[in-house]
Amino acid sequence: MSDGKLVYFASDFHLGLQGTTPSIARERRIVAWLRSIGPSAGALYLLGDVFDFWYEYRGVVPKGFVRFLGMLAEFTDAGIPVHIFTGNHDVWMFDYLETEIGVHVHRRAETVQLLGHTFYLCHGDGLGPSGMGYKLLRAAFHSYPLQRIFATLHPSFAMWLGHTWSHKSRYGKQLTHAFRGAGEPVVQFATAQEQKTPIDCFVMGHLHMALIHALPLGGQLVVLGDWITNDTYATWDGGSLRLMRYKGPDDAPEELAAATLPSRGNR
């Protein structure tokens, strides 16, 4: 990564979800944001639920999202690494984006070194001690047999079924989430992990709220918000971690929170 470049994090675009804002309008806004950060980006991490539903047949992929996919191709063509972590809505992402666009697709949490600090990156679903029913459902959707059964459906019916389920899943619960501090399952997860390994920062999405939360041993937890109601993202420059809100192509982004990461010496 070149000196002076930033690492960008975002999640939960839910492209394809038709809400109060049409998906195409949200896609154009995301593309405008990507275009604005291109000159300063050293790497881009998209931490899940980029699409509201996604399934790749061997020779068929979902239609749409051409502006967004084209912008990702511009990033990779320019030598900017793009990493996509699968979420609970786009878990059935296989090799199309890797082979066609050159992005790196991650199907599980990763611990990575970014500008001298240790980051734990994941979508954030199924973490912590609660939600056993959801964890069982999550395991089912990750199973190869279920994926192969779904592949036997005609694409037109499969896409309708997938988008119908995703829409009900998204709007069947509140779009906003009241943060519970130390009682939040992801905080409990990060706190337990920090005690095992000197992780400086946990970055995740899924909860559709934007915040930076200090952990007991000095690390930071970043929850990225979404692009349905928040238009939020995070940046890391090797010294400062910032949570930002995109305001539009003609306006400066709004800084919502900032933090420094612990210096833990040589690892």
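Because the structure is predicted, anything quoted here is derived from the model rather than measured.

Asker: Got a minute to help me understand the sheet that holds strand β10 (residues 232-236) in this structure?
Answerer: The pairing of strands in a sheet comes from backbone hydrogen bonds and takes either a parallel or an antiparallel form. An order of β4-β3-β2-β1-β10-β11-β12 is seen for the 7 strands of this open sheet, with the pairing classed as mixed. Each edge of the open sheet carries a strand with a single partner, namely β4 (104-106) and β12 (254-259). If you compare each strand with its neighbour and ignore which way they point, the axes differ by 20 degrees on average. For strand β2 (residues 41-47) and strand β3 (residues 82-85), the ladder comprises 4 bridges, and the chain directions are parallel. Looking at the pairing, L47 lines up with F85 of β3. On top of the sheet, helix α1 (residues 23-37) reaches β1 (6-10), β2 and β10; it is set at about 150 degrees to β2, its chief contact. Where helix α2 (residues 66-77) meets the sheet, its contacts fall on β2 and β3, and the angle it forms with β2 comes to roughly 140 degrees.

Asker: Hey, could you run me through the environment of F75 in this one?
Answerer: As for its placement among the helices and strands, F75 is situated in helix α2. If sequence neighbours within four positions are ignored, F75 has contacts with L34, I37, G38, A41, L44, I80 and V82.

Asker: How should α1 be read in this particular structure?
Answerer: An α-helical turn contains 3.6 residues, so any two residues separated by three or four positions project in the same direction. Here α1 contains 15 residues, and its C-alpha end-to-end distance of 21 Å stays within 8% of the 21 Å for a straight helix at 1.5 Å per residue. Residues of α1 that are buried: S23, R26, E27, I30, V31, W33, L34 and I37. For α1, the buried positions fall inside an angular range of 160 degrees around the axis, keeping them on one side. Those residues of α1 hidden inside the fold are in contact with β1, β2, α2 and β10.

Asker: Can you walk me through the nonpolar core in this structure?
Answerer: Most often, soluble globular proteins have nonpolar side chains that are buried together. Counting 33 residues, the largest nonpolar core has W33 and F68 as the members making the most contacts within it. Looking at this core, the elements with two or more residues in it are β1, α1, β2, α2, β3 and α3 (96-101). Discounting chain neighbours no more than four positions away, the residues touching F68 are F13, L15, E27, I30, V31, L34, L46, V50 and F51. In terms of nonpolar packing, the next biggest core, distinct from the first, is built from 18 residues, V7, A43, W236 and L241 among them.

Asker: Where do I start with the packing of α1 against α2 in this structure?
Answerer: The geometry of a pair of packed helices is captured by two quantities: the angle between their axes and the separation between those axes. Following both chains from N to C, one finds α1 and α2 inclined at 15 degrees, their axes separated by 9 Å at the closest point. Between α1 and α2, the angle is such that the two are roughly parallel. Here α1 runs over α2; the crossing is left-handed. Of the residues in α2, those in contact with I24, E27, R28, I30, V31, L34, R35 and I37 of α1 are V66, R67, F68, M71, L72 and F75.

The rules behind the values
- Residues numbered from 1 in each chain as written.
- Predicted model: local features only at pLDDT ≥ 70, side-chain atom pairs only at ≥ 80, totals over all residues.
- Heavy atoms only, no water.
- Pairing = 2+ DSSP bridges.
- Helix = DSSP H or I, 4+ residues; strand = E, 2+ residues; numbered from the N terminus.
- Axes fitted to C-alpha atoms, helices over the stretch in contact; angles between N-to-C directions.
- Contact = heavy atoms within 4.5 Å.
- Expected span 1.5 Å × (residues − 1).
- Buried < 20%, exposed > 50% of the residue type's maximum accessible area, 1.4 Å probe, protein only.
- Arc of directions from axis to C-beta.
- Core = buried A, V, L, I, M, F, W, Y, C linked by side-chain atoms within 4.5 Å.
- Parallel < 35°, antiparallel > 145°, perpendicular 65-115°, else oblique.
- Left-handed = near helix turned anticlockwise from the far one by under 90°.

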